[in-house]
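Residue-level structural notes
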Amino acid sequence: MDLGLEHKVALVAGGSSGIGLAIARELAAEGAHVAIGARDTARLAAAERAIKEVSRARVHATSVDITDSAATHRWIDEVAAEFGGVHVVVVSGGSPPTGNAARFAPADYRAAIDGVLMPAVDVALAALPYLRDARWGRVIFVTSETASVPIGDLALSGVTRTAIARFAQSLAVEVGRDGVTVNVLAPSATRTPLLERVVAQRTDRIEAEFDTLGRHTAIGRIALPDEMAAVAAFLASTRSSYLTGTVQLVDGGASLLGPSWSHAAESA
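All of the points below concern the structure found in this document. (Residues numbered from 1 in each chain as written. Predicted model: local features only at pLDDT ≥ 70, side-chain atom pairs only at ≥ 80, totals over all residues. Heavy atoms only, no water.)

Moving on, we get to the packing of helix H4 (residues 106-134) against helix H5 (residues 155-175). Geometrically, a packed helix pair is captured by the angle between its two axes and the distance between the axes. For the pair H4 and H5, interaxial distance at closest approach is 9 Å and the crossing angle is 20 degrees. Judged on the interaxial angle alone, H5 and H4 are roughly parallel. The interaxial crossing formed by H4 with H5 has right-handed handedness. Every residue of H5 that contacts H4 at Asp108, Tyr109, Ala112, Ile113, Val116, Leu117, Ala120, Val121, Ala124, Leu125, Leu128 and Arg132 is listed here: Ala155, Leu156, Val159, Thr160, Arg161, Ala163, Ile164, Phe167, Leu171, Glu174 and Val175. Here the residues of the contact of H4 with H5 sort into 18 nonpolar, 1 polar and 4 charged. (Axes fitted to C-alpha atoms, helices over the stretch in contact; angles between N-to-C directions. Helix = DSSP H or I, 4+ residues; strand = E, 2+ residues; numbered from the N terminus. Parallel < 35°, antiparallel > 145°, perpendicular 65-115°, else oblique. Left-handed = near helix turned anticlockwise from the far one by under 90°. Contact = heavy atoms within 4.5 Å. Nonpolar A, V, L, I, M, F, W, Y, C, P; charged D, E, K, R; others polar.)

Laid out in structure tokens, this is it:
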């Protein structure tokens, strides 16, 4: 299937690892010019090489902290100037600490909002003029299953991810007639380097832990980053032109089986 992404310019915040990197590779393989931004320079360089392995167009990598609004705006303006515009914006950030609601103080909630919600909003609003100028755009927020399903011990995630979803839905109404769609990808546990590190901190039986996580899905295993990237690529494509304001829960049917403690780790 031709996704219509050849020569489109895709900007991926958080594109140096995990689901963000998988999405950047998928878009590059479809022929899009891809610009990734992240903080860790070593990880960013490795990601740039990995994207170039599959790319049919140009690849641009920038060290940027998207919690720094001024730096975020400079990055987006520089990408637009170099490539002649921006068409696809993907925001894939990290995860806040896990725990129940009463575990955290108000300062923790403010930190989660500043670290998760506000950067996502800022990236979208900074890129929006370029999408409107092009009269064609796709905004995709990569969040967590907590944007769709309440999970008690992921309180900070639930607060910030559902806020992103409501922002996305409001934005979708505003920009739909400009040819811009806005959607949220809500993945469940995905085997990313971050999740592997989180699991390794809890146990040395990593594969057994992943098997446990996977048993609480209809499919019987946790997701791979490439599977999330495939959904994101469709959301970014010309084929998804009538799909906007949605929260796409991609959890292998886990939500159909009811709550489980195994949701305690998020992926990014």
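Next up on the list: the packing of helix H1 (residues 18-29) against helix H8 (residues 225-236). In the contact formed by H1 and H8, the axes pass within 8 Å of each other and the chain directions differ by 55 degrees. With respect to their mutual orientation, H1 and H8 come out oblique. As for how H1 packs across H8, the hand of that crossing is right-handed. Contacts from Gly18, Ile19, Ala22, Ile23, Glu26 and Leu27 of H1 reach H8 at Pro225, Asp226, Met228, Ala229, Ala230, Ala232, Ala233 and Ala236. The residue makeup of the contact of H1 with H8, split by class, is 11 nonpolar, 1 polar and 2 charged.

Glancing now at the nonpolar core. Ranked by size, the top nonpolar core spans 39 residues in total, and within it Leu11, Trp75, Val79, Val89, Phe141 and Val182 carry the most contacts. Here the element with the most residues in this core is H4; it accounts for 10 residues. Residues in contact with leucine 11, not counting those within four places in the same chain, are Ala35, Trp75, Ile76, Val79, Val86, Val88, Val89, Val90 and Val123. (Core = buried A, V, L, I, M, F, W, Y, C linked by side-chain atoms within 4.5 Å. Buried < 20%, exposed > 50% of the residue type's maximum accessible area, 1.4 Å probe, protein only.)

The next subject is the pattern of salt bridges. Evaluation of the coordinates by the stated rule reveals 9 salt bridges. Two residues, glutamate 174 and arginine 132, come together in a salt bridge whose shortest N-O distance is 3.6 Å. With glutamate 174 in helix H5 and arginine 132 in helix H4, this pair connects stretches of sequence that are 42 residues apart. The partly exposed category is assigned to arginine 132, whose relative accessible area is 30%. The partner of aspartate 178 in a salt bridge is arginine 135, and the shortest N-O contact between them spans 3.1 Å. One end of the pair, aspartate 178, is in the loop between H5 and strand E6 (180-187); the other, arginine 135, is in the loop between H4 and strand E5 (137-142), and 43 residues separate them in sequence. What makes aspartate 178 buried here is its relative accessible area of 16%. A single salt-bridge network, built from bridges that share partners, covers Arg132, Arg135, Glu174 and Asp178. (Salt bridge = Lys/Arg side-chain N within 4 Å of Asp/Glu carboxyl O.)

Considering all chains together, one arrives at 2 aromatic pairs under this definition. Relative to tyrosine 109, the ring of phenylalanine 104 lies with its centre 6.2 Å away and its plane at 85 degrees, an arrangement referred to as edge-to-face. Judged by its relative accessible area of 10%, phenylalanine 104 falls in the buried class. Between phenylalanine 141 and phenylalanine 167, the aromatic rings sit 6.0 Å apart at their centres with planes inclined by 75 degrees, giving edge-to-face as the arrangement. Remark: phenylalanine 167 occurs in helix H5 and phenylalanine 141 occurs in strand E5; sequence separation between them is 26 residues. (Phe/Tyr/Trp six-rings, centres within 6.5 Å; stacked < 30°, edge-to-face > 60°.)

Another point: the side chain of aspartate 122. Along the chain, the position of aspartate 122 falls in helix H4. At 11 Å, arginine 74 is the nearest oppositely charged side chain to aspartate 122, a buried residue that forms no salt bridge. There is a polar contact of 2.9 Å between the side chain of aspartate 122 and the side chain of histidine 73. Once residues within four sequence positions are removed from consideration, aspartate 122 is found in contact with Ser69, Thr72 and His73. (Lys, Arg positive; Asp, Glu negative; His and termini not counted. Polar contact = N/O pair within 3.5 Å; in protein donor to acceptor, adjacent residues only side chain to side chain.)

Another aspect to go through is the pairing of strand E2 (residues 33-38). If a strand is regular, its side chains alternate between the two faces of the sheet. Buried residues dominate E2, accounting for 6 of its 6 residues. Here E2 shows a buried face lined by His33, Ala35 and Gly37 and a second buried face lined by Val34, Ile36 and Ala38. As defined by bridge partners, strand E1 (residues 9-13) adjoins E2 across 5 bridges and the pair is classed as parallel. Bridge pairing links alanine 10 to valine 34 in E2. As for the winding sense of the linkage, the β-α-β connection from E1 through H1 to E2 is right-handed. Pairing of E2 with strand E3 (residues 59-63), which is carried by 5 bridges, proceeds in the parallel orientation. (Pairing = 2+ DSSP bridges. Right-handed = clockwise from strand over helix to strand, strands pointing away.)

This part covers unusual backbone geometry. Despite not being glycine, histidine 7 has its phi angle at roughly 70 degrees, a positive value. Relative to the helices and strands, histidine 7 is located in the segment before E1. The phi torsion at arginine 135 lies on the positive side, around 60 degrees, for a residue other than glycine.

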